[in-house]
Protein chains: 2
Amino acid sequence: MPRGRRRGSPPTRQTILAAALGRFTNEGYDRASLRDIATDAGVDPSLIIHYFSNKETLFAEALHLPRISEALHRTLEAAGPGSEEELGAHIAQALVGLLEVSTLAPAVTALIRSAASNEDVSRILREFLTRTILRRITASLTAPDPAFRAALVASQVLGVMMARFVLRLEPLASADPGLLARVIAPNLQHYLTGDLGGYNHPERQSAPPWS
Amino acid sequence: MPRGRRRGSPPTRQTILAAALGRFTNEGYDRASLRDIATDAGVDPSLIIHYFSNKETLFAEALHLPRISEALHRTLEAAGPGSEEELGAHIAQALVGLLEVSTLAPAVTALIRSAASNEDVSRILREFLTRTILRRITASLTAPDPAFRAALVASQVLGVMMARFVLRLEPLASADPGLLARVIAPNLQHYLTGDLGGYNHPERQSAPPWS
DNA sequence: TTCATAATTCAACATGTGTATAAATTAGGA
DNA sequence: TCCTAATTTATACACATGTTGAATTATGAA
């Protein structure tokens, strides 16, 4: 390849971001190398550094968490009035829909994959969940122990995404998105408003250290 | 350090395995380097290769999946008669108990962490889940679509472990194990024997490709 | 035209990785 | 005692990684 600027103004920046997202999605932060991303984008690794300074900011820009957060909020608000009895179904539909249809699915998958191996990304995902999803759920709940309920919801959502996108556990991996939403909705609802069986009767257990 | 065999017969093999399990648990397969493991064990990296030939078999021996599998089976059988209505509670108690009390928790955590970034480990975990847990659940179910139900159970279990051990999402991360088992049991039970809301009415969705 | 600036690659560096080979020391049986 | 096998480190190789600095070419404004 000849050196120097190319003729015309090809949108190399976006090309790099797309390639990066693809690699981060399929291999996670650690295994996705700048050289592979550069090859996918038809570009030299140095150009990536020139545009994004280092691998971490490339990761951040490729995933673009604020976009995910905004889309999630919009979808949740568009789901209708915040009736507490329908919240489980709303969350289920919003999340599954978001993951399947939109262009955000790769970003979320990359986030989960990378969080498992990279402590920094793990912190990012944890804070993202806490800040955007859990806080919102917590705020609209009247049942006791809303934070614990919200974390339970998050665990089920994480599990489905893990089984479906990372582990590819059949037949869940190829299940219809709408069906999946309908199936997990009652369980989410149970976590949100159901009886948590003993959580409020601490004489049956050791004292929870966070209370 | 002087070369050559040490005086006495210290159980270095076990020391290495313990150090390896610790590193694999906290950092996953990729980020846990042989050199770090060797340092933890107070030993030269070459000794690890001499004992285990390569990193993969060290990983396999440190995790010792057959032990996990056997312990799981024993716990499940000790949980009493396989009544279909109590299966959810049994699985919940067995899994949570296994993860909290015994020495197997690090192995499972390491497995999940590593599966997210390493495709080989991902395959191992998938096959392990399918072979030992899912097949067992599937076999004792009379409800329709047992494989799908088993996969849903697996997703919730995966999610709890992910939130608790990998992401450390509070307050779930510090929740009492027994409480956790009681809380997720009804949802597991719903997946196992409950109404899956539309799964058997395929006119509402696109045909599932695995049927 | 001229000149600054943006875009792009090349070559290289420093570091970290898994692993192989050879050497050194000790233990245990003949 | 001597020999063989087991244990342990030192050295080094080959490779992959993120990153840097210089070199080269195109664009657009003055």
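Refer to the preceding data block for the structure.
The structure presented is a predicted model; accordingly, all values stated were derived computationally and were not measured. Numbering of residues starts from 1 in every chain and runs along the sequence as written. Each chain gets a letter, beginning with A, and each ligand a number, beginning with 1, in the order they are written. Local features are withheld for residues below a pLDDT of 70 in this predicted model, meaning they are given only at 70 or higher, and side-chain atom pairs are given and counted only at 80 or more; totals for whole chains, interfaces and linings count all residues. Excluding hydrogens and water, the side-chain values take into account all heavy atoms of the structure.

Draft legend 1. A look at the interface of chain A and chain B. In this assembly, 56 residues from chain A lie in contact with 56 residues from chain B. Note: buried area is the sum, over both parts, of the accessible area (probe 1.4 Å) each one loses when the two are combined. Between chain A and chain B, the buried area comes to about 4800 Å², and carbon and sulfur atoms account for 63% of it. Within this document, salt bridges are pairs made up of a side-chain nitrogen of Lys or Arg and a carboxyl oxygen of Asp or Glu, the two lying within 4 Å of each other. Across the contact surface, chain A and chain B share 4 salt bridges. Of the charged contacts, one joins Arg31(B) and Asp30(A) as a salt bridge, the two residues approaching to 2.0 Å between their closest N and O atoms. Nitrogen and oxygen atoms within 3.5 Å of one another constitute a polar contact, given that in protein one can donate a hydrogen and the other can accept it, and given that sequence-neighbouring residues count only through two side-chain atoms. Our count for the chain A to chain B interface comes out at 15 residue pairs in polar contact (both at pLDDT 80 or more). Those elements that provide at least two residues to the side of chain A that touches chain B are α1 (12–31), α7 (105–117), α8 (119–139), α9 (146–166) and α10 (177–193) of chain A. Here a helix means four or more residues in a row that DSSP labels H or I, a strand means two or more in a row labelled E, and each is numbered from the N terminus. The element that contributes the greatest number of residues to the side of chain A that touches chain B is α9(A), accounting for 13 residues. Residues count as neighbours in contact if any of their non-hydrogen atoms are within 4.5 Å of one another.

Draft legend 2. Structural view of the nonpolar core. By size, the foremost hydrophobic cluster in this structure holds 150 residues, and its most contacted members are Phe24(A) and Phe24(B). Those residues in contact with Phe24(B), other than ones at most four positions away along the chain, are Tyr29(B), Ala32(B), Ile37(B), Lys55(B), Leu58(B), Phe59(B), Ala62(B), Ala110(B) and Ser114(B). What we call a nonpolar core is a set of buried Ala, Val, Leu, Ile, Met, Phe, Trp, Tyr and Cys residues that are connected through their side-chain atoms within 4.5 Å. Remark: exposure states derive from per-residue accessible area (1.4 Å probe, protein chains only) relative to the maximum for the residue type, with buried under 20%, exposed over 50%, and partly exposed in between.

Draft legend 3. Spatial organisation of the protein's contact with DNA strand C. Lining the immediate environment of DNA strand C, one finds 29 residues, of which Thr12(A), Asp44(A), Ser46(A), Arg35(B) and Lys55(B) sit closest. What makes a residue near a molecule or strand is one non-hydrogen atom of that residue sitting within 4 Å of it. Here the atoms of DNA strand C within 4 Å of the protein split so that 65% fall in sugar or phosphate, with bases taking the remainder. For the surface near DNA strand C, the leading source of residues is helix α3 (residues 45–52) of chain A, giving 4 residues. Per-class residue counts for the surface near DNA strand C are 9 nonpolar, 9 polar and 11 charged. Amino acids are sorted into nonpolar (Ala, Val, Leu, Ile, Met, Phe, Trp, Tyr, Cys and Pro), charged (Asp, Glu, Lys and Arg) and polar (every other residue, Gly among them).

The values are spatial; any link to function lies outside them.
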